[in-house]
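# A structural walkthrough
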Amino acid sequence: MSPKNPIFCALDTTDTDRAVALAESLKGAVGGVKIGMEFFNANGPAGYAKVAAAGVPIFLDLKLHDIPNTVAGGIRAVLPLKPAIVNVHAAGGIAMMRAAAEAAAEAGDARPLVIAVTMLTSLDEGDLHDTGVIGTPADHVLRLANLAAKAGLDGVVCSAHEISTLRRELGPDFKLIVPGIRPAGADVADQKRIMTPPQALSLGADVLVIGRPITGASNPHDAAAAITASLAA
Ligand code: C5P
């Protein structure tokens, strides 16, 4: 899948009515929406189906991390929902990632992209060392991205500042899904290392995950359309 519109809007809410209203209003202005554990744990597959009924592709961001058999089962369980993208933690290891890819392949042509989370951007080098990982975050991200590619996954979630290296090391077909994106002049909120949509796209991002600059706007459709227009400029 290579969405014509690279923007996936993060619907970070537990409120089904709000998520459905956003998905309906964003249709045509974004490439898809992202639903995470906050929404899915609160509303389950039934809530998901209501959002999906708006007709927008969905990135189901559950960040699975467990033994291979359990992760394969977790992926298999969401295939009937037909998500466009699902994800797992690369730290779960190559066997777990292979099991996830194989489970997703059971959906045939309707298979979702399976993406690995490398290193959460909430962690810094000190946190890595606390977990026994010695080395820089950049090395760790590259090592995990290589492992994800070897496992047959479609790509990784990465910060905008890792796009250039990962694109160079992993080639043109490996999907790079990038959060921490802010249009010029937008409220940064709690994101620390941000980049604008055109910058991230020109470096080689495939999907731009953007939440509050769209969902917090008085007119989310217009906000998304303006970001999309900035990409063509
Ligand atoms: O509102 P905002 O644009 O900051 O939302 C970004 C979305 O991307 C949120 O759903 C957040 O959880 C997610 N995300 C992130 N940074 C990561 C991984 C995911 O911001 N490293």
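A brief report on the enclosed structure follows.

The rules behind the values
- Once a new chain begins, its residue numbering starts again from 1 and follows that chain's sequence as written.
- In keeping with the predicted nature of the model, local features appear solely for residues at pLDDT of at least 70, side-chain atom pairs appear and are counted solely at 80 or more, and the whole-chain, interface and lining totals rest on all residues.
- Only heavy atoms go into the side-chain values, all of them from the structure, while hydrogens and water stay out.
- Secondary structure elements are taken from DSSP: a helix is a run of H or I of four residues or more, a strand is a run of E of two residues or more, and numbering for both begins at the N terminus.
- Accessibility here uses a 1.4 Å probe with only protein chains present; expressed as a share of the type maximum, an area under 20% marks a residue as buried, one over 50% as exposed, and anything in between as partly exposed.
- Here a residue is considered near a molecule or strand provided that any single heavy atom belonging to it is located within 4 Å of it.
- Here a polar contact means two N or O atoms within 3.5 Å. Within protein one must be a hydrogen donor candidate and the other an acceptor candidate, and residues neighboring in sequence count only if both atoms are side-chain atoms.
- Method for areas: the Shrake-Rupley scheme with a 1.4 Å probe, in which residue coverage is limited to the protein chains shown.
- In the scheme used here, Gly and all other residues not listed as nonpolar or charged are polar, with Ala, Val, Leu, Ile, Met, Phe, Trp, Tyr, Cys and Pro taken as nonpolar and Asp, Glu, Lys and Arg as charged.
- In what follows, residue pairs with any heavy atoms lying within 4.5 Å of each other are defined as contacts.

A word on unusual backbone geometry. In the Ramachandran plot, Lys63 falls in the positive-phi region, its phi being about 45° despite a non-glycine side chain. Note on placement: Lys63 falls in strand β3 (residues 58-64). In this structure, Lys82 takes a positive phi of about 55° despite not being glycine. In this fold, Lys82 is placed in the loop between α3 (68-78) and β4 (85-89). Residue classification places Lys82 among the exposed positions, given a relative accessible area of 58%.

Let's shift gears to the environment of Pro172. Along the chain, Pro172 falls in the loop between α7 (163-170) and β7 (175-178). A residue is classified by how much of its surface remains accessible, and Pro172, at 68% relative accessible area, is exposed. In this structure, the C-alpha to C-alpha distance between Pro172 and Phe40, residues 132 residues apart in sequence, is 32 Å.

The environment of the ligand is made up of Ala10, Asp12, Lys34, Thr121, Pro179, Arg182, Gln191, Val209, Ile210, Gly211, Arg212 and Pro213. Contact distances for the ligand include 2.7 Å between a nitrogen atom and a side-chain N or O atom of Thr121. Here an oxygen atom of the ligand sits 2.7 Å away from a polar atom, N or O, in the main chain of Gly211. Protein contact buries 82% of the 470 Å² of open area that the ligand shows by itself. Taken together, the elements giving at least two residues each to the shell around the ligand come down to β8 (207-210) and α9 (212-215). Looking at the shell around the ligand residue by residue, the classes come out as 5 nonpolar, 3 polar and 4 charged.

So, about the side chain of Thr215. Counting through the fold element by element, Thr215 comes out in helix α9. Residue Thr215 is classed as buried on the basis of its relative accessible area, which comes to 14%. Setting aside its immediate chain neighbours within four residues, Thr215 contacts Cys9, Ala10, Leu11, Arg18, Leu22 and Pro220.

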